[in-house]
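Summary of structural features
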Amino acid sequence: MNYIRRSLESVVGNVTQEYPVVLLTGPRQVGKTTMLKKLMKGTERGYVSLDDLTERALAKNDPELFLQLHKPPLLIDEVQYAPELFPYIKILADREHTPGAFWLTGSQIFRLMRGVSESLAGRVAVLSMTSLSQAEICGAQMEPFRVDLESLQKRAGQRKAADVGEIYERIYRGSMPAVVSGAVSSGNIFYSSYISTYIERDVKELSESIDSLRFLRFVTAVAARCGQRLNVADIARDADINQKQAKDWLAILETLGIIFYLHTYSNNLLKRLVKTPKLYFYDTGLVCHLTRWSSAETLEAGAMSGAILENYVVSEITKTYLNCGIEPYLYYYRDKDAKEIDLVLEQGGVLNPIEIKKTANPGSELTRVFSLLDKASTPRGKGTVICMKPQLTAIDRDNYVVPVWMI
């Protein structure tokens, strides 16, 4: 299996010099442990996984003894299984003041974060890892996506152009390291076992009342609505569950880093806004598997092609920030007259409106909605249409046209 270099490697190196505890969260199988083990090669750092039930029991029942047996510098994998460790890690961090004493990984983000915020506030650098980004797969330099000409021209020089067919091939294949690196030959088998692993292990860890077949129906109903505004009632109906259950299960998918939301951009000058968030998956390969597209070609020609392209672009832009250790400020705009801007990026003190379209020839009519942001208290900056145009160009001085392959 070929190791694909991760953008977060340099970020981990930097924060290890500054914080006693580094916490890397993200879904299973995205490469957290693989990256950290590569970074600790040739060092004195020890390793222990709480997937090992004996180690987990010791960590929960006698955390002090556990940390006497496993001394820092130490990597503790799947630390969410023993939140009892956090107060003792805090004691050691305060006593020793050693930068990088503990590296922790966790797959259950929000439950884990509560334990961290109580015990390790000010002592921990928290980083999020997702599945591979387009830039990582192509070996391009990673930096946050910005809508300014100099930054866009730089990106264009670092990335390899791809046509519509290649883009949909990337969307269909997905971005999980095992699939992209060729460690597994069948994406379908990988995603099928990936889903059953979540149902049997992580999901049941968070909610014992989950029926596996119903949960699979539920996840499929969620995947069919990627890139759309959240409609809990429709998802519940399709999955044959009640709305409370659907909300609980959506929270589990978010906790496990499978889905994320874009909320509407709002401030006190924009009154007539719709509040419902839009729903996205970090990995489009999982969406394609769940919604049973047989190939990239059928996906490109199918009814979901626009929505899944939007999902892909939004998740890729999100990854460009997370992979640099930066929280992205991304929203969408929709008012009660159903006027919508696909993406609003707040960056550098301005709002950058972004439209995402499958077309290769975008016209100025696509940018007219950008003026909706003129009422906002934050000034509007340059806009862009992200689409299938082969090369970087512009509609006018204020609006660029960016090919999908450049993100």
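For the structure itself, consult the block above.
Let me sum up the structure you'll find in this document.

About the thresholds
- Residues numbered from 1 in each chain as written.
- Predicted model: local features only at pLDDT ≥ 70, side-chain atom pairs only at ≥ 80, totals over all residues.
- Heavy atoms only, no water.
- Axes fitted to C-alpha atoms, helices over the stretch in contact; angles between N-to-C directions.
- Helix = DSSP H or I, 4+ residues; strand = E, 2+ residues; numbered from the N terminus.
- Parallel < 35°, antiparallel > 145°, perpendicular 65-115°, else oblique.
- Contact = heavy atoms within 4.5 Å.
- Nonpolar A, V, L, I, M, F, W, Y, C, P; charged D, E, K, R; others polar.
- Pairing = 2+ DSSP bridges.
- 1 Å grid on protein atoms, 1.4 Å probe; cavity = no way out; pocket = protein on both sides within 12 Å on 5 of 7 lines; lining within 4 Å.
- Points joined across faces, edges and corners; volume = space filled by probe spheres on them.
- Buried < 20%, exposed > 50% of the residue type's maximum accessible area, 1.4 Å probe, protein only.
- Phe/Tyr/Trp six-rings, centres within 6.5 Å; stacked < 30°, edge-to-face > 60°.
- Salt bridge = Lys/Arg side-chain N within 4 Å of Asp/Glu carboxyl O.
- Expected span 1.5 Å × (residues − 1).

A look at the packing of helix α12 (residues 212-223) against helix α14 (residues 243-255)
Close contact between α12 and α14 brings their axes to 11 Å; oriented N to C, the two are set at 75°. Between α12 and α14, the angle falls in the class roughly perpendicular. Contacts between α12 and α14 pair R214, F215, F218, V219 and V222 from the former with A246, W249, L250 and L253 from the latter. Residue classes in the contact of α12 with α14 are distributed as eight nonpolar, no polar and one charged.

What to know about the sheet that holds strand β8 (residues 330-334)
Taken in spatial order, the eight strands of this open sheet run β7-β6-β8-β9-β10-β11-β13-β12, and their pairing is mixed. Both outer strands of the open sheet, β7 (278-281) and β12 (393-396), are each paired with one neighbouring strand and no more. Each strand of the sheet is rotated relative to its neighbour by a mean of 35°, with strand direction disregarded. Where strand β10 (residues 350-356) and strand β11 (residues 383-387) come together, three bridges link them in parallel fashion. Pairing of E355 across the sheet is with V385, part of β11. Together, β6 (259-264) and β7 form the strand contacts of α14, whose direction differs from that of β6 by roughly 105°.

Quick notes on the layout of surface pockets
Of the pockets and cavities examined, the largest pocket occupies roughly 750 Å³. Along its surface, the largest pocket is lined by 28 residues, and S128, Y282, L322, E327 and P328 are the ones closest to its centre. Mapped onto the lining of the largest pocket, the elements with two or more residues apiece are α6 (109-119), β5 (124-128), β6, α17 (305-322) and β8. Looking at the lining of the largest pocket element by element, the count peaks at five residues for β6. In terms of residue class, the lining of the largest pocket is built from 18 nonpolar, eight polar and two charged. By volume, the second largest pocket is sized at about 410 Å³. If you trace the second largest pocket, you find 22 residues lining it, with Q29, V30, G31, K32 and T34 closest to the centre. Elements with a contribution of two residues or more to the lining of the second largest pocket: α2 (32-40), β2 (46-49) and α10 (177-180). With three residues, α2 is the single largest residue contributor to the lining of the second largest pocket. Considered class by class, the residues forming the lining of the second largest pocket number nine nonpolar, seven polar and six charged.

Concerning the pairing of β6
Counting buried positions along β6 yields five of six residues, so the element is predominantly enclosed. With four bridges joining them, β6 and β7 adopt antiparallel strand pairing. The residue bridging Y261 from the neighbouring strand is L279, located in β7.

Thoughts on the packing of aromatic side chains
In the structure shown here, the tally under the stated rule is nine aromatic pairs. Ring centres of F190 and Y194 lie 5.6 Å apart, and the angle between their planes is 20°; on these two criteria the pair is classed as stacked. Of this pair, F190 and Y194 both sit in helix α11 (residues 187-206), four residues apart, which is roughly one turn of that helix. Among the residues examined, F190 registers a relative accessible area of 8% and is labelled buried. Ring geometry for Y265 versus Y331: centroids 5.4 Å apart, planes at 75°, classification edge-to-face. Of this pair, Y265 sits in the loop between β6 and β7 while Y331 is found in strand β8, placing the two residues 66 residues apart along the sequence. The structure contains a cluster of three or more aromatic residues connected by ring pairs, namely F190, Y191, Y194 and Y198.

Let's talk about the pattern of salt bridges
Tallied over the entire structure, the rule returns 23 salt bridges. Across the pair D374 and R380 runs a salt bridge, and its minimum N-O distance is 2.8 Å. Taken together, the salt bridges that share partners define one network made up of R28, D51, E78 and D202.

What to know about α17
With 18 residues, α17 ought to run about 26 Å at 1.5 Å a step, and its terminal C-alpha atoms sit 26 Å apart, in line with that. Extensive coverage of α17 is indicated by the burial of 16 of its 18 residues.

Re the environment of V203
In this fold, V203 is placed in helix α11. For the pair V203 and L216, spaced 13 residues apart in sequence, the C-alpha separation works out to 11 Å. Contact partners of V203, with chain neighbours within four places excluded, come to Y198, I210, F215, I252 and L256.

Comments concerning the sheet that holds strand β4 (residues 102-106)
Pairing is parallel across the open sheet formed by five strands, whose spatial order is β2-β3-β4-β1-β5. Looking at which strands have only one partner, the edges of the open sheet turn out to be β2 and β5. The mean angle between the axes of side-by-side strands here comes to 15°, regardless of whether they run parallel or antiparallel. Across four bridges, the pairing between β2 and strand β3 (residues 74-77) is parallel. By the bridge assignment for β3, V48 is matched with I76. Sheet strands touched by α2: β1 (21-25), β2, β3 and β4. Its angle to β4, the strand with the most contacts, is close to 165°.

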